[in-house]
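Residue strings, one per chain:
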Amino acid sequence: MSNRTGRTSGFSRFLNNNQVAGNIFAFPFIFGFICFSLVPIITSFYYSFTDYSMGSKTAVFIGWNNYAELFKDDIFMKSLKITLFYVALSVPLKLAFALLVAFVLTRNNRMASLYRSLYYVPSLVGGSVAVSLVWKQLFARKGLINSVLANFGFKAINWFGNEKLAIYPLILMTVWQFGSSMIIFAAGLKEIPGTYYEAAKIDGAGGWQMFKSITLPCLSPIILYNLVMQTIQAFMSFTQAFIITAGGPNNGTLMYALNVYNQAFKYNHMGYACAMSWLMLVVMSVITFIIFKTSKFWVFSEGGDK
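Residues numbered from 1 in each chain as written. Predicted model: local features only at pLDDT ≥ 70, side-chain atom pairs only at ≥ 80, totals over all residues. Heavy atoms only, no water.

1. Quick word on the overall build of the protein chain
Selection rule: Put simply, DSSP marks the helices as runs of H or I at least four residues long and the strands as runs of E at least two long, and each gets a number from the N terminus on. Summary of the burial criterion: residues with accessible area below 20% of their type's maximum are buried, those above 50% are exposed, and those between are partly exposed, where the area comes from a 1.4 Å probe applied to protein chains only. Contact definition: two residues touch when any of their heavy atoms are within 4.5 Å. For the area figures, the Shrake-Rupley method with a 1.4 Å probe applies, and any residue is considered shielded solely by the protein chains shown.
Counting its secondary structure elements, the protein chain contains 14 helices and two strands. Residue burial in the protein chain is summarised as follows: out of 306 residues, 35% are buried. When contacts within the protein chain are restricted to residue pairs at least 6 apart in sequence, long-range pairs at least 24 apart make up 68% of them. Of the roughly 18700 Å² that the protein chain leaves accessible, carbon and sulfur atoms contribute 66%.

Here it is as structure tokens:
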């Protein structure tokens, strides 16, 4: 009996050791990060300098050839250009729409909580295969969008058959998934002291003046956060282009992530795809760095310091 009690108390002291207990609870994350994140990252970096195909037993080291070949690849340059256009157009529209809806839903309204929940639903399902298929039907030749246009006397538009127009339904789908940004904006709007608006009203400021001089400056740190997160997410867009257009027509919607997928699994150029992935990391890092460096000109603290 005493031995069992001693073993129990020893085990209890072991569990009460905060460092040991913390390591035990952190082990699943550490194990998962090493096996499913760190090792693949290191492996892909090595493969980016090799001529490697899926299923090959060996990877032939070729140095910087993959990276040099990228800038000679017309399809790669086109996918990069399309992705930059997609990011430059979809992210500002998405943030502007999210801010507008958040501003409306934070007004005094009994149904505001229900409305916020309903508006958040598209962000939960917006990137799924099922919703992409629905979106594809909406913009089909005989889809709902063309039916509405026909009722107003417009001709049907072949959205996915026109190289220049095919990207816009994908952009609209991304803008439709504004729920997560809207929730963050709504939380930020709630934190702005009401005394600021009361003082502005006493000074005779109008609605637009208060929005421009109070709401936007106070909300600028949250705008920065949403801008960075949505920019990164837009660069990684894949499902919409893969399901709806498969990159067509004439590679008009060949998003960068879809091009990486094609090179790796369709054409079996894994080393080349790894080089593309690392180059995109550099591009995303540069753009994020520029956003942070320029933020000092438009992000304000509560005390008014830039």
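2. What about the environment of glutamine 177?
Tracing the backbone shows glutamine 177 in the loop between helix H8 (167-176) and helix H9 (179-190). Each C-alpha atom of the pair glutamine 177 and lysine 94 lies 7.7 Å from the other, and the pair is 83 residues apart in sequence.

3. Details of helix H4 (residues 74-105)
Counted only if it meets this: What a helix is expected to span follows from its residue count: subtract one and scale by 1.5 Å. As used in this structure description, the phrase polar contact means that two N or O atoms lie within 3.5 Å; if the pair is within protein, one of them must be able to donate a hydrogen and the other to accept it, and residues adjacent in sequence are counted only when both atoms belong to side chains.
End to end, H4 covers 46 Å across 32 residues, agreeing with the expected 46 Å (1.5 Å per residue, within 8%). Its side-chain oxygen 3.0 Å from the backbone nitrogen of isoleucine 75, aspartate 73 forms the N-cap of H4.

4. As for the environment of alanine 96
Within the secondary structure layout, alanine 96 lies in helix H4. For alanine 96, a relative accessible area of 46% translates into the label partly exposed. Along the sequence, alanine 96 and isoleucine 223 sit 127 residues apart, while their C-alpha atoms lie 9.8 Å from each other.

5. A closer look at the side chain of threonine 174
Within the secondary structure layout, threonine 174 lies in helix H8. Among all residues touching threonine 174, those that are not within four sequence positions of it are Tyr86, Ser90, Lys94 and Gln240.

6. Digging into the pattern of salt bridges
Inclusion rule: Criterion for a salt bridge: a side-chain nitrogen of Lys or Arg within 4 Å of a carboxyl oxygen of Asp or Glu.
Under the counting rule described, the total for this entry stands at one salt bridge. One salt bridge connects lysine 78 with glutamate 163, and the closest N-O pair in it is separated by 2.8 Å. Placement of lysine 78 in helix H4 and of glutamate 163 in the loop between helix H7 (144-151) and H8 is noted, with a sequence separation of 85 residues between them. What makes glutamate 163 partly exposed here is its relative accessible area of 33%.

7. Looking at unusual backbone geometry
The general pattern is negative phi for most residues beyond glycine and trans for most peptide bonds. In this structure, the amide linkage connecting glycine 248 to the following residue, proline 249, adopts the cis form with an omega of -5°. With respect to the helices and strands, the residue proline 249 is situated in the loop between helix H12 (239-245) and helix H13 (256-266). Of note, the phi angle at alanine 246 is positive, near 55°, even though the residue is not glycine. Take alanine 246: it is sitting in the loop between H12 and H13. At asparagine 251, a residue that is not glycine, the phi angle is positive and equals roughly 60°. Structurally, asparagine 251 can be placed in the loop between H12 and H13.

8. A short note on the packing of helix H6 (residues 129-138) against H8
Our working definition: Whenever a helix is involved, its axis is fitted only over the stretch in contact; in every case the axis is a line through C-alpha atoms, and angles between N-to-C directions fall within 0 to 180 degrees. Angles are sorted into four bins: roughly parallel if under 35 degrees, roughly antiparallel if over 145, roughly perpendicular if 65 to 115, and oblique for all others. Crossings are classed by handedness, with left-handed meaning an anticlockwise turn of the near helix from the far one by less than a right angle and right-handed meaning a clockwise turn. For this classification, Asp, Glu, Lys and Arg are treated as charged, while Ala, Val, Leu, Ile, Met, Phe, Trp, Tyr, Cys and Pro are nonpolar and the rest, including Gly, are polar.
Contact pair H6 / H8: the axes reach a minimum separation of 11 Å and the direction vectors enclose 130°. Between H6 and H8, the interaxial angle falls into the category oblique. For the crossing formed where H6 meets H8, the hand is right-handed. Contacts from Val131, Ser132 and Trp135 of H6 reach H8 at Pro169, Leu172, Met173 and Trp176. Tallied by class, the residues present in the contact of H6 with H8 amount to six nonpolar, one polar and no charged.

9. Brief notes about the packing of aromatic side chains
The relation between two aromatic rings is expressed through the spacing of the ring centres and the mutual angle of the planes. Cut-off, in case you're wondering: Aromatic pairing here means that ring centres of Phe, Tyr or Trp (its six-membered ring) are within 6.5 Å. Orientation follows from the plane angle: under 30 degrees is stacked, over 60 is edge-to-face, and everything else is tilted.
Inspection of every chain in the model, using the stated rule, returns 24 aromatic pairs. The interplanar angle of 20° and the centroid separation of 6.2 Å between the aromatic rings of phenylalanine 29 and phenylalanine 33 together place this pair among those described as stacked. With phenylalanine 29 and phenylalanine 33 both in helix H2 (residues 18-47) and four residues apart, this pair spans about one turn of that helix. Consider the rings of phenylalanine 238 and phenylalanine 242, whose centres lie 5.1 Å apart with planes at 15°: the pair is stacked. Grouped by ring-pair contacts, the aromatic residues Phe45, Phe49, Phe61, Trp64, Tyr67 and Trp278 constitute a single cluster.

10. A word on the nonpolar core
Short version of the rule: Among the buried residues, those of types Ala, Val, Leu, Ile, Met, Phe, Trp, Tyr and Cys that are joined through side-chain atoms within 4.5 Å form a nonpolar core.
Among the nonpolar cores identified, the biggest contains 57 residues, and Leu70, Phe76, Tyr86, Phe185 and Tyr256 are the most heavily contacted of them. For this core, the element with the most residues is H4, which contributes 12 residues. Not counting the four nearest positions on each side in its chain, phenylalanine 76 is found in contact with Leu70, Tyr256, Asn259, Tyr272, Met276 and Leu279.

11. Description of the packing of H9 against helix H11 (residues 207-235)
Interhelical geometry of H9 versus H11 gives an angle of 155° and a closest axis separation of 10 Å. Viewed along their axes, H9 and H11 adopt a mutual orientation that is roughly antiparallel. Our pair here, H9 against H11, has a crossing hand that is right-handed. Each of Ser180, Ser181, Ile184, Phe185, Gly188 and Leu189 in H9 lies in contact with H11, whose residues at this interface are Thr215, Leu219, Ile222, Ile223, Tyr225, Asn226 and Gln230. When grouped by side-chain class, the residues that make up the contact of H9 with H11 number seven nonpolar, six polar and no charged.

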